[in-house]
Amino acid sequence: MSSGNFDVVIVGAGIVGAACAKECSRVGLRVAVVDQDAAGSGATAAGMGHIVTMDDSDAQFALTRYSQTLWQELRSELPQDVEYEQCGTIWVAADDDEMKEVFRKRGYYSHHGVPVEVLNSAELERLEPNLRKGMAGGLLVPEDAVLYPPCAARFLIERAQSHGARLYFGAAVVKLGGGEVRLANGTLLSAPTVVNAAGTWATTLTPGISVKKRKGHLVITDRYPGFVRHQLVELGYLKSAHSVSADSVAFNVQPRQTGQLLIGSSRQYGSETQDVDSEILSRMVERAQHYLPSLANASAIRVWTGFRAATPDKLPLIGPWPPDSTVYLATGHEGLGITTSLGTAKLLAAQLTGGPPEIPAEPYLPLRMETLEHAHV
Ligand SMILES: Cc1cc2nc3c(=O)[nH]c(=O)nc-3n(C[C@H](O)[C@H](O)[C@H](O)COP(=O)(O)OP(=O)(O)OC[C@H]3O[C@@H](n4cnc5c(N)ncnc54)[C@H](O)[C@@H]3O)c2cc1C
């Protein structure tokens, strides 16, 4: 069975594929979306949902901030179950050394027009009374937000559908390339462009992409409304996220609209199973209790793991894949794919329609992988 009449077939309906489907169909392209499961069921179902501006590199900043403003624009249209909440982030500085990073970050964000506020120890304690006493201070980034990723993905897919996108869900893709997508049930979809948005699975469908799985654990607690009021992240998180080899944990706690606390996070390479690693989990929970001592009295109700799609330079792959002119990539978003899904979709749609992108597309082009081939992930 063969089906054509599409301008683009998108493989993967995680938040990235869903955002791409919505944007491509909105600009008038005839879109098909294929997923072996349902919308938002892969890493998207495992993610924390922090919509965060990050500044590890200028390119990372550009994409995260751009995407954050796109979420803000979409905010009034998001249904309640997406639980979008602009609670802000506080980067917590434990000591004077970490306060230096607070001031550096303030300089960078302010220079680029992102509102921020430096907090001293007393101000931090007033905003977050459950934090350990005696922290040096922090940086408040009020425009950062949180949302519930699976419902956000479903919303984007529904938008795509309302713009005419066709869905092929519960259908595994066994092969893509040469303007074709072959499903396990024998269906052949053809289009001039095929987008591989299959997250960590992208490497199976397009061998040769430098994307590795980076495992993460999360814990969700029972309801403790008001226990924390902002997404709280230790500044040491940056060291953890930067580490390219060692397993790491960092204090990262998020208030959910339900009153629950989402506790993260860990990073591990080389672990290919979904199993909970009790050693990593204890380290992660101990870290959280170090910052929030009375968390020791809270009940955890669920623990899970997920896999981030990591590239060697920590930037996603968005754009044409040089070995096959019909294949475009939208993968490799590591721990920022919920945030950067909307910016990714805008960049991709501009590439497919020949329109000007609103931020430079070059830092994310897969073409750069040729020079990264020898980089160590
Ligand atoms: C613990 C953890 C915490 C995180 N926290 C955050 C956060 O706070 N903020 C943030 O911005 N990001 C966060 N992330 C990252 C974020 O979750 C991911 O970057 C994002 O979900 C990636 O989305 P995706 O659409 O690329 O991939 P996925 O969600 O994995 O979607 C890929 C889709 O492709 C489908 N697929 C795969 N192979 C095939 C095939 N052969 N045929 C058909 N379909 C196929 C899958 O079924 C899946 O639905 C976190 C990730 C983890 C693991």
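Structure first, text after, so check above.
Residues numbered from 1 in each chain as written. Predicted model: local features only at pLDDT ≥ 70, side-chain atom pairs only at ≥ 80, totals over all residues. Heavy atoms only, no water.

Caption draft 1: Inspection of the overall build of the protein at higher detail. Check the secondary structure of the protein and you find 11 helices and 20 strands. C-alpha extents for the protein along the principal axes are approximately 65 × 45 × 40 Å. Of all 377 residues assigned to the protein, the portion counted as buried reaches 58%. Partitioning the contacts of the protein with sequence separation of at least 6, the portion at a separation of at least 24 is 76%. (Helix = DSSP H or I, 4+ residues; strand = E, 2+ residues; numbered from the N terminus. Buried < 20%, exposed > 50% of the residue type's maximum accessible area, 1.4 Å probe, protein only. Contact = heavy atoms within 4.5 Å.)

Caption draft 2: Representation of the environment of aspartate 55 within the structure. Inspection of the secondary structure assignment puts aspartate 55 in the loop between strand E4 (50-51) and helix H3 (58-74). Note on aspartate 55: relative accessible area 7%, which makes it buried. It is 38 Å that separates the C-alpha atoms of aspartate 55 and phenylalanine 6, two residues lying 49 residues apart in sequence. Excluding residues within four positions of it along the chain, aspartate 55 makes contact with Gln60, Phe61, Arg104, Lys105, Tyr108 and Tyr109. In terms of polar contacts, aspartate 55 uses its side chain to reach the side chain of arginine 104, at 3.0 Å. (Polar contact = N/O pair within 3.5 Å; in protein donor to acceptor, adjacent residues only side chain to side chain.)

Caption draft 3: Representation of the site of the ligand within the structure. Near the ligand, the surroundings consist of 36 residues, among which Asp35, Ala43, Thr44, Val173 and Thr339 are the closest. Contacts to the ligand include glutamine 36, whose backbone N or O atom sits 2.9 Å from a nitrogen atom. Interatomic distance of 3.0 Å between a backbone N/O atom of isoleucine 338 and an oxygen atom of the ligand. When residues of the shell around the ligand are traced back to their parent elements, those giving at least two are helix H1 (15-26), helix H2 (43-46), strand E14 (212-223), strand E18 (300-310) and helix H10 (337-353). (Near = heavy atom within 4 Å.)

Caption draft 4: Just the nonpolar core, in detail. Judged by nonpolar contacts, the single largest core of 49 residues is most densely connected at Val31, Trp71 and Leu156. Of all the elements in the fold, those that place two or more residues in this core are strand E2 (8-11), H1, strand E3 (31-35), H3, helix H6 (149-162), strand E20 (324-331) and H10. Contacts of valine 31, omitting those with residues within four sequence positions, involve Phe6, Val8, Ile10, Ala21, Cys24, Ser25, Gly164, Ala165 and Arg166. With 25 residues, the next largest nonpolar core counts Val9, Tyr168, Leu317 and Val327 among its residues. (Core = buried A, V, L, I, M, F, W, Y, C linked by side-chain atoms within 4.5 Å.)

Caption draft 5: Layout of the sheet that holds E2. Reading across from one edge, E9-E3-E2-E13-E20-E19 is the order of the 6 strands in this open sheet, with mixed pairing throughout. Because the sheet does not close on itself, it has two edges, and the strands there are strand E9 (166-169) and strand E19 (317-321). Adjacent strand axes in the sheet meet at a mean angle of 15 degrees when their direction is disregarded. Here 4 bridges tie E3 to E9, and the two strands are oriented parallel to one another. Paired with valine 34 across the two strands is tyrosine 168, which belongs to E9. Most of the contacts of H10 go to E19, to which it runs at about 20 degrees, and overall it touches E2, strand E13 (193-196), E19 and E20. (Pairing = 2+ DSSP bridges. Axes fitted to C-alpha atoms, helices over the stretch in contact; angles between N-to-C directions.)

Caption draft 6: Representation of the packing of aromatic side chains in the model. Applying the stated criterion across every chain, the model contains 5 aromatic pairs. Centroid distance phenylalanine 6 to tyrosine 168: 6.4 Å. Interplanar angle 85 degrees. Geometry classified as edge-to-face. Remark: tyrosine 168 occurs in strand E9 and phenylalanine 6 occurs in the loop between strand E1 (2-3) and E2; sequence separation between them is 162 residues. By the burial criterion, phenylalanine 6 is buried, and tyrosine 168 matches it. When the centroid spacing of 4.5 Å and the interplanar angle of 5 degrees are considered together, the rings of phenylalanine 251 and tyrosine 291 count as stacked. One end of the pair, phenylalanine 251, is in strand E16 (residues 248-255); the other, tyrosine 291, is in helix H9 (residues 278-291), with 40 residues separating them in the sequence. (Phe/Tyr/Trp six-rings, centres within 6.5 Å; stacked < 30°, edge-to-face > 60°.)

Caption draft 7: Spotlight on the layout of surface pockets. The space that makes up the second largest pocket amounts to roughly 230 Å³. As for the second largest pocket, its lining consists of 15 residues, of which Tyr148, Ile220, Arg256, Leu262 and Trp304 are closest to the centre. Counting only elements with at least two residues in the lining of the second largest pocket, the list comes to H6, strand E17 (260-269) and E18. Here the lining of the second largest pocket is built from residues that sort into 9 nonpolar, 3 polar and 3 charged. (1 Å grid on protein atoms, 1.4 Å probe; cavity = no way out; pocket = protein on both sides within 12 Å on 5 of 7 lines; lining within 4 Å. Points joined across faces, edges and corners; volume = space filled by probe spheres on them. Nonpolar A, V, L, I, M, F, W, Y, C, P; charged D, E, K, R; others polar.)

Caption draft 8: Quick peek at the environment of isoleucine 280. Inspection of the secondary structure puts isoleucine 280 in helix H9. A C-alpha to C-alpha distance of 36 Å links isoleucine 280 and valine 33, two positions 247 residues apart in sequence. Residues contacting isoleucine 280, with those up to four places away along its chain left out, are His217, Asp247, Val249, Ser266 and Gln268.

Caption draft 9: Spotlight on the environment of isoleucine 90. Turning to its location among the elements, isoleucine 90 is positioned in strand E5 (residues 89-93). Each C-alpha atom, one on isoleucine 90 and one on arginine 104, is 15 Å from the other, the two residues being 14 residues apart in sequence. When residues no more than four places from it in sequence are discounted, the contact partners of isoleucine 90 are Leu119, Leu124, Leu127, Glu128, Leu139, Leu140, His230, Gln231, Leu232 and Val233.

Caption draft 10: Spotlight on the pattern of salt bridges. Taken as a whole and assessed by the stated rule, the structure comprises 19 salt bridges. Glutamate 83 is paired through a salt bridge with arginine 256; the nearest N and O atoms lie 3.0 Å apart. Residue glutamate 83 is found in the loop between H3 and E5, and its partner arginine 256 is found in the loop between E16 and E17; the two are separated by 173 residues along the sequence. By the burial criterion, glutamate 83 is buried, and arginine 256 matches it. Across the pair glutamate 101 and arginine 104 runs a salt bridge whose closest N-O atoms are separated by 2.9 Å. Of the two residues, glutamate 101 and arginine 104 both sit in helix H4 (residues 96-111), 3 residues apart, roughly one turn of that helix. Take glutamate 101: its relative accessible area is 23%, and that puts it in the partly exposed class. The class of arginine 104 is partly exposed, set by a relative accessible area of 38%. Each of the salt bridges in this network shares a partner with another, and the network as a whole consists of Lys22, Glu23, Arg26 and Lys346. (Salt bridge = Lys/Arg side-chain N within 4 Å of Asp/Glu carboxyl O.)

Everything listed here is a matter of geometry and, on its own, says nothing about what the molecule does.
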